[in-house]
Amino acid sequence: MANEYIIREKYLVIANDFNAAGDASASIKTTLKKIGVNSALVRRISIAAYEAELNIAIHSEGGEMVLLMNKEDIILQANDHGPGIPDVSLAMKEGYSTAPETARMLGFGAGMGLPNMKRCASDFQITSEVGKGTNIQMVFKVA
């Protein structure tokens, strides 16, 4: 990956703010469309961004999303604060969810967030520490 970024944007995601959930991913989609990124790639990134944003809102104490772009890659990072994921491999299984009832009543928490992010990205990395938080980096190849 080149070190020089054409785009570098940060988006704050507030815990349990379901009214604003989706705003960051919508802004990311708008930014990518404005600069002419291929629509199929924009769609994949938008899906991954939405899933990441909702996971931060539902499962954490808040966090941020970072959009980076260089000539070869679009990088999407999702970083949250606590509680962390005790078993990442279990959390990666489709249908597994620890979403609270309040989120489920709103139609969230089906357990597809992490698997969808991984499916959409060219490269997907997740690290999590219980009590600290979770960091996800997704790379999408531009060419």
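Our subject in this report is the structure included herewith.

Reading the values: rules and limits
- Residues numbered from 1 in each chain as written.
- Predicted model: local features only at pLDDT ≥ 70, side-chain atom pairs only at ≥ 80, totals over all residues.
- Heavy atoms only, no water.
- Pairing = 2+ DSSP bridges.
- Helix = DSSP H or I, 4+ residues; strand = E, 2+ residues; numbered from the N terminus.
- Axes fitted to C-alpha atoms, helices over the stretch in contact; angles between N-to-C directions.
- Contact = heavy atoms within 4.5 Å.
- Phe/Tyr/Trp six-rings, centres within 6.5 Å; stacked < 30°, edge-to-face > 60°.
- Buried < 20%, exposed > 50% of the residue type's maximum accessible area, 1.4 Å probe, protein only.

## Regarding the sheet that holds strand β2 (residues 63-69)
Working step 1: Spatially, the 5 strands line up as an open sheet ordered β1-β2-β3-β5-β4, and their pairing is antiparallel. The sheet is open, and its two edges are formed by β1 (7-13) and β4 (123-129), each paired on a single side. Averaged over all pairs of adjacent strands, the angle between strand axes in this sheet comes to 10°, irrespective of strand direction.
Working step 2: Relative to strand β5 (residues 133-141), strand β3 (residues 73-80) runs antiparallel, the two being bridged by 7 bridges. Across the sheet, the residue bridging to I74 is F140, located in β5.
Working step 3: Against the sheet, helix α1 (residues 23-34) contacts β1, β2 and β3, and its axis sits at roughly 165° relative to β1.

## Some thoughts on the packing of aromatic side chains
Working step 1: Tallied over the entire structure, the rule returns 1 aromatic pair.
Working step 2: With centroids separated by 5.6 Å and ring planes inclined at 20°, the aromatic side chains of F18 and F108 adopt a geometry described as stacked. Of the two residues, F18 is situated in the loop between β1 and α1 and F108 in the loop between α4 (101-105) and α5 (113-120); the sequence distance between them amounts to 90 residues.
Working step 3: On the basis of relative accessible area, F108 is assigned to the partly exposed category, the value being 21%.

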